Amino acid sequence: TTTASETAKVLENAYRAANIAFVDEWGRFAERAGVDLFEVIDAIRVRPTHNNIRQPGFGVGGYCLTKDPVFAEIAARDVLGIGDHDFPMSELAMSINRAMPVRALDLLAERAGSLQGRRIALAGISYRQDVADTRYSPSQPFVEEAERRGATVLCVDPLVSHWDEMDRAVTREFAACPDVDAVVDAPRRREIAI
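Below or above, wherever it landed, is the structure these notes cover. (Residues numbered from 1 in each chain as written. Predicted model: local features only at pLDDT ≥ 70, side-chain atom pairs only at ≥ 80, totals over all residues. Heavy atoms only, no water.)

## Focus on the pattern of salt bridges
Right, on to step 1. Scanning the model with the defined rule gives ten salt bridges in all.
Right, on to step 2. The salt bridge partner of Lys9 is Asp68, with a shortest N-O separation of 2.8 Å. Of this pair, Lys9 sits in helix α1 (residues 2–33) while Asp68 sits in helix α3 (residues 63–78), placing them 59 residues apart in sequence.
Right, on to step 3. A residue is classified by how much of its surface remains accessible, and Asp68, at 0% relative accessible area, is buried.
Right, on to step 4. A salt bridge links Glu147 to Arg168; the shortest N-O distance between them is 2.9 Å. Taken together, the residues Glu147 in helix α5 (residues 139–148) and Arg168 in strand β4 (residues 168–169) connect sequence positions 21 residues apart.
Right, on to step 5. Residue class for Arg168 comes out buried when judged on its relative accessible area of 19%. (Salt bridge = Lys/Arg side-chain N within 4 Å of Asp/Glu carboxyl O. Helix = DSSP H or I, 4+ residues; strand = E, 2+ residues; numbered from the N terminus. Buried < 20%, exposed > 50% of the residue type's maximum accessible area, 1.4 Å probe, protein only.)

Written out as structure tokens, the structure reads:
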């Protein structure tokens, strides 16, 4: 049925969003405990039944993972007439995932001190590696919050020349970003170089 088909799509994306949020929770723990979570995850992946565990990252972007987890509750209420069913895990996952880019900025502030007057090169504007799609990119809240805190953000992405959602030019090479105080690698890991 169309309801089952749509349920499959929404469930798959809610499942992925929840797993990303779960690993981010463990990533924050590992940072505080001084544990290299990437090394731990590599060890876990040695077991064939556990090779699909995710790694912590910069955030969630794109249309599906940023929206689909809330569609189930809306559809239950507005389409199927099930007004008393909620999805607390999906809602919590969405909340955690929305906070991830600002958490990366907080890590940078912890290491660099005040962001006022700092120049940051942000590597990765599109939400996914090897894709030029910038819709709902986790880089957007990072840039907005960094600039609110007084930093200048230089955006670098080899696939994007103009970031439509932010109406700003994007350089394709780091050479166009001289004299930066920090480089943040957005699409892969929450890595910060100062």
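## Let's talk about the packing of aromatic side chains
Right, on to step 1. With the rule as written, the count across this model stands at four aromatic pairs.
Right, on to step 2. Where Phe22 meets Trp26, the ring centres are 6.4 Å apart and the plane angle is 55°; that geometry is what we call tilted. Taken together, the residues span about one helical turn, with Phe22 and Trp26 both in helix α1 at a distance of four residues.
Right, on to step 3. Arranged with centres 5.4 Å apart and planes meeting at 55°, the rings of Phe58 and Phe142 form a pair that is tilted. (Phe/Tyr/Trp six-rings, centres within 6.5 Å; stacked < 30°, edge-to-face > 60°.)

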